[in-house]
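A closer look at the structure
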Amino acid sequence: MRAPVRRVLAIDAGARNIKLLLAEADFGRLHILKHESVDVVAEGLITAEETKAHFKPLLEAWGSPPIVLVLPQHLSTSHVIDLPQAPEAEVEKLIADEAVKLGGVSESRIIYDFVRTDSQVSGRQQFWVTLAQEGDIRERLLRLGIENEQICDVTTTANALIATYRATCPLAPRSVLVHIGAQTTVVVIVIAGQGAFATSFQMGGDFFTRALARQLQCPEEQAETIRNSRNLFSGADASAEFAASVEGWVTEFDQQLKDWFKLNPGSGGGASAFEVVAGGGGFSQPGLLEFLKSRTGLGLKPWPSLAQLEQPSVPAGFEAAFGAALQALGRSAQPVSLLPDDYRTAWRKYLAQQRLELISVLMTFLILLLMIVGGWRQRSLIHAKQELLAKVTSGQELVDSNLALRAELITHYNTLRPVFAHQQRTVDTLQTLAHLQQSRSNRAFWYVLFADQRTYFSYPPAHLSTNRPPRTNSVAAADEGLRFNQSGEPNLLTASASSTNAGPPRLGFIAELCIPDDAETARKTLRELVGQLDKQSIFSRVDLLSDDLRRNVAEAKITIPDRHFALTLDLARTEFQQSFPRPGLVPGFRAPVRRTVPGAGEPRTRPGGELP
Amino acid sequence: MRVLFEEHRRRKLLPVAAVALAACFVFIYLPLTRKVQRLDAPLRQAWKQLATSLGESNALSINFSLLTNNLQQTRQAFQILENTRQEALSRIELPPALRARLQGVFQLVDYENERGKELDELAVLAKKAAVEVDPRVFAGFPTHTAEIPQPYLLWAELAMVDGLLKTALDCRVQALHTLEVQTSTATTGGSTGVLNEIPILFEFTGPVSNVVNVLQSLPLRSEEIRAAGLPPSTERPPLFIDRILIKKQTPEKTDEVRVLMRVVGFVFQE
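Predicted model only: the values in this text are computed from it and were never measured. (Residues numbered from 1 in each chain as written. Chains lettered and ligands numbered in written order. Predicted model: local features only at pLDDT ≥ 70, side-chain atom pairs only at ≥ 80, totals over all residues. Heavy atoms only, no water.)

1. Overview of the packing of aromatic side chains
Residue and element names in this part refer to chain A. Using the criterion set out here, one finds 26 aromatic pairs over all chains in the structure. A centroid spacing of 5.7 Å and a plane angle of 85 degrees characterise the contact between Phe114 and Phe127, whose relative ring orientation is edge-to-face. On the criterion of sequence distance, the pair formed by Phe114 in strand β6 (residues 110-117) and Phe127 in strand β7 (residues 124-133) is long-range, its members being 13 residues apart. Just as Phe114 is buried, Phe127 falls in that class too. Here Phe197 and Trp260 contribute two aromatic rings whose centre-to-centre distance is 6.3 Å and whose plane-to-plane angle is 35 degrees, an arrangement assigned as tilted. Residue Phe197 is located in strand β11 (residues 194-201), and its partner Trp260 is located in helix α8 (residues 240-263); the two are separated by 63 residues in the primary sequence. Pair check on accessibility: Phe197 and Trp260 agree, each one buried. (Phe/Tyr/Trp six-rings, centres within 6.5 Å; stacked < 30°, edge-to-face > 60°. Helix = DSSP H or I, 4+ residues; strand = E, 2+ residues; numbered from the N terminus. Buried < 20%, exposed > 50% of the residue type's maximum accessible area, 1.4 Å probe, protein only.)

Structure representation (structure tokens):
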């Protein structure tokens, strides 16, 4: 897991200058926030205390970022180690053994790191191993006074240069990186973006300055000024003696390359096939690059720009610092870290703490978000509940109003219902009489009796009479029987006591008639009469009255035995006959619907039933 | 956002943010939650009360638009009933002179005078129309007794009996057999008024066509009787048929029927 570092301070401490570069990775983009080169001599940073005193306010001003240190190349060794195929654990052991061998006899502990590189030999594997003495690293940290700061990484100049070059020219097949510092020249061979060789020799800018000072017999400071301001290789200021001094550097550089090519004959084409990139403060001398081009026969060229690769422009001389920052920010494909164990542990703790803080921040945001959402939801709930409560209260008021209005409506209706009922009954009586009168047209029969059903059925049944009349003929009722009591019922002494088969209470009429024709004609006439009356809308049912329901009301002297029939005419409109219950007394009260008249046979329903 | 990635500022910000969050939770979120919970009880109670009012105590949903529609329908029904009520009351409205008597103080002497006058008048009219009148008819005229709780209603009963008999005479029936005014019943409608129902039992004989004229004339007012072409009658309260029994009497007189009926008149008092 890569460190969640977003901002690092890379320190490349040279003999003459200490280069500081503050870089930041911001959502995939790399930014160089600040860079500064501190002149050690000019600032008087001789002792560790002086250096520490100088850096402390600077680090605080820059936000005390984690520090990545560039270890001078001469304090480290980088090699390609060729190993047979083996498991990872064994590889680590083999490399550790090899690192001890490479480190030689030392009282200090060797710190090493390695990365796998591409191998051209089948069955073998290669590793780019870098190692240094822990004592050198700690001494370096002490000298810079940053031993108590948060050190996130330590790498070497060579590895830092490789990282920078890989970011600059990711597709370059073979390159030689030459970095001339104040005292040391670092030479790195990069093949296909991977480190193949790294070395350094103690010749740098100060070597040229001292040579010029001896030649001009002037102080080194003056010689340094001249060297950096005049072209001593051509033109008016050309100095053959100085060029001869530089030849020494060229000889050493050639020797380093020859040694490597000798050991790696399969690298192909010799040094001329490599792209040579020149960097470091030493190349700031005018004419040096062109002179070295001509003397070495190599295509030396300065560091390419990073602008076209969407990388920040690296200030001249900060290539190593930039490479170290790339590695610390996780942008290096071959990171090599020589961080001592205690610093590594501290750094891991720091990272864990940082992750924890980051998680805390995220959790804080999450909780804040949840609280906002929850608060919004609670407010919505409050509004919804308040609205619903208002709605329910309003609904209750509507229901109460409706109930009160219904109660008043029903009271009004029930008060007037007897008027409606009697009006309806009167209309039904008159219409029925009219229909009966009309039914006699062109027919040879006569009605002998017409009565409402309640009156008719209040008489005793015909079969209870002692002198039972013929089946289709009634016994005449006595005149004395045709009286109503106070409740409107006929005042018959025998009626209530003897009517064990009294007819059902109905809303309708009974019409008795005599048909004097023969039996067949009488049946036909009766059928036609029932059919005609049944079509009238005021009746729900018209039929012959069952014999057991017949009453002896008609006068016997005007009836014809066996030709005396009784019809029942049930009314359709009956809604005024019963009062409504008050709505508060009956839950779910609804307006009444039309009721059918109870009686024999299937009742027929007719539309209607609205409140009057 | 950038400040969150700067370590020293982030370390200062985190505790402040935590305290702020806690404060928000305690002082904003929790009160909101409590308010939400406090609204539950009145809402549940109101819901239950409404559901119970609708006869659905366990209702999970209520159609609120139906409540408005129900009230609207009830209002419409009320309006329809009010119109019908006006029509019905105008039909049973008593003549002005009779209304004045009902509203005035009841004086038995006045009533007895009026009753005697109408009995005499009826006897004269019956004799003139050659209609046989059974003594039971005269005996059936409403009489004042001490038990009558609302003696002023006797004026209405007298007017209805008088109107009924005169209508029968006007329609030329053959005989008047019995007359009986039965106990009136009252329907109280609270603020709407009181409706008194006066039933009258009446038995008479006559030709079918004349009987039909009597029946048709009873519920009509004077102007309606004239418009219907029925025999003219004096102004009287309308009467409605409650019960009826019509039957032929003899084979010799096939057109003659005997009618026993119970008619009802109404007195409505605001």
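2. Structural notes on the nonpolar core
Ile11, Ile18 and Leu20 of chain A are the most contacted members of the largest nonpolar core, which has 69 residues in total. The biggest single contributor to this core is helix α10 (residues 319-328) of chain A, with 7 residues. With residues near it in sequence (within four places) discarded, Leu20 of chain A still touches Leu9, Ala10, Ile11, Lys34, His35, Glu36, Val38, Phe55, Leu58, Trp62 and Phe318 of chain A. Counting 67 residues, the second-largest nonpolar core is a separate cluster that includes Ala511, Ile538 and Phe539 of chain A together with Leu215 of chain B. (Core = buried A, V, L, I, M, F, W, Y, C linked by side-chain atoms within 4.5 Å. Contact = heavy atoms within 4.5 Å.)

3. Here we look at the sheet that holds strand β13 (residues 300-302) of chain A
Residue and element names in this part refer to chain A. One open sheet holds the 5 strands; their spatial order is β11-β10-β9-β12-β13, and the pairing between them is mixed. Two strands in the sheet have a free side with no partner beyond their single neighbour: β11 and β13. Mean inter-strand twist for the sheet, computed between neighbouring axes without regard to direction, equals 25 degrees. Two strands pair when backbone bridges link them, and strand β9 (residues 174-180) and strand β10 (residues 185-191) are joined in this way by 7 bridges, in the antiparallel orientation. Pairing of Arg174 across the sheet is with Ile191, part of β10. Helix α5 (residues 157-168) contacts β9, β10, β11 and β12 (275-279) of the sheet and is inclined by roughly 50 degrees relative to β10. (Pairing = 2+ DSSP bridges. Axes fitted to C-alpha atoms, helices over the stretch in contact; angles between N-to-C directions.)

4. Things to note about the packing of helix α2 (residues 48-61) of chain A against helix α4 (residues 134-144) of chain A
All names here are of chain A. It is the contact of α2 with α4, at a shortest axis distance of 6 Å, that shows an interaxial angle of 60 degrees. Counted together, Ala48, Thr51, Lys52 and Phe55 of α2 and Leu142, Arg143 and Leu144 of α4 form the full contact between these two elements. Residue composition of the contact of α2 with α4, grouped by class: 4 nonpolar, 1 polar and 2 charged. (Nonpolar A, V, L, I, M, F, W, Y, C, P; charged D, E, K, R; others polar.)

5. With respect to helix α5 (residues 108-128) of chain B
Turn by turn, an α-helix covers 3.6 residues, leaving residues three or four places apart pointing in a common direction. Helix length check: α5 of chain B (21 residues) gives 30 Å between terminal C-alpha atoms against 30 Å at 1.5 Å per residue, within 8%. Lining the buried residues of α5 of chain B we find α4 (96-103), β1 (132-133), α6 (135-139) and α7 (153-170) of chain B. (Expected span 1.5 Å × (residues − 1).)

6. Quick word on the interface of chain B and chain A
Taken residue by residue, the interface counts 84 residues in chain B and 83 residues in chain A. Roughly 7700 Å² of surface becomes buried between chain B and chain A when both sides are summed, with 68% attributable to carbon and sulfur atoms. Our count for the contact surface shared by chain B and chain A stands at 5 salt bridges. Between Asp40 of chain B and Lys385 of chain A there is a salt bridge, with the nearest N and O atoms lying 2.2 Å from each other. Inspection of the chain B/chain A interface yields 18 residue pairs in polar contact (both at pLDDT 80 or more). Residue contributions to the side of chain B that touches chain A peak at 17 residues, all from helix α3 (residues 64-91) of chain B. Split by residue class, the side of chain B that touches chain A holds 44 nonpolar, 19 polar and 21 charged. Taken together, the 3 bridges between strand β14 (residues 446-452) of chain A and strand β5 (residues 240-248) of chain B define a ladder with antiparallel strand orientation. Following the sheet pairing, Phe450 of chain A is matched in β5 of chain B by Ile246 of chain B. (Buried area = accessible area lost by both parts, 1.4 Å probe. Salt bridge = Lys/Arg side-chain N within 4 Å of Asp/Glu carboxyl O. Polar contact = N/O pair within 3.5 Å; in protein donor to acceptor, adjacent residues only side chain to side chain.)

7. What to know about unusual backbone geometry
Positive phi, normally seen in glycine, also occurs at Ala192 of chain A, with a value near 55 degrees. On the secondary structure map, Ala192 of chain A appears in the loop between β10 and β11. In the Ramachandran plot, Ala130 of chain B falls in the positive-phi region, its phi being about 55 degrees despite a non-glycine side chain. Tracing the backbone through its elements, the reader meets Ala130 of chain B in the loop between α5 and β1. In this structure Ala130 of chain B comes out as exposed when scored by relative accessible area, which is 67%.

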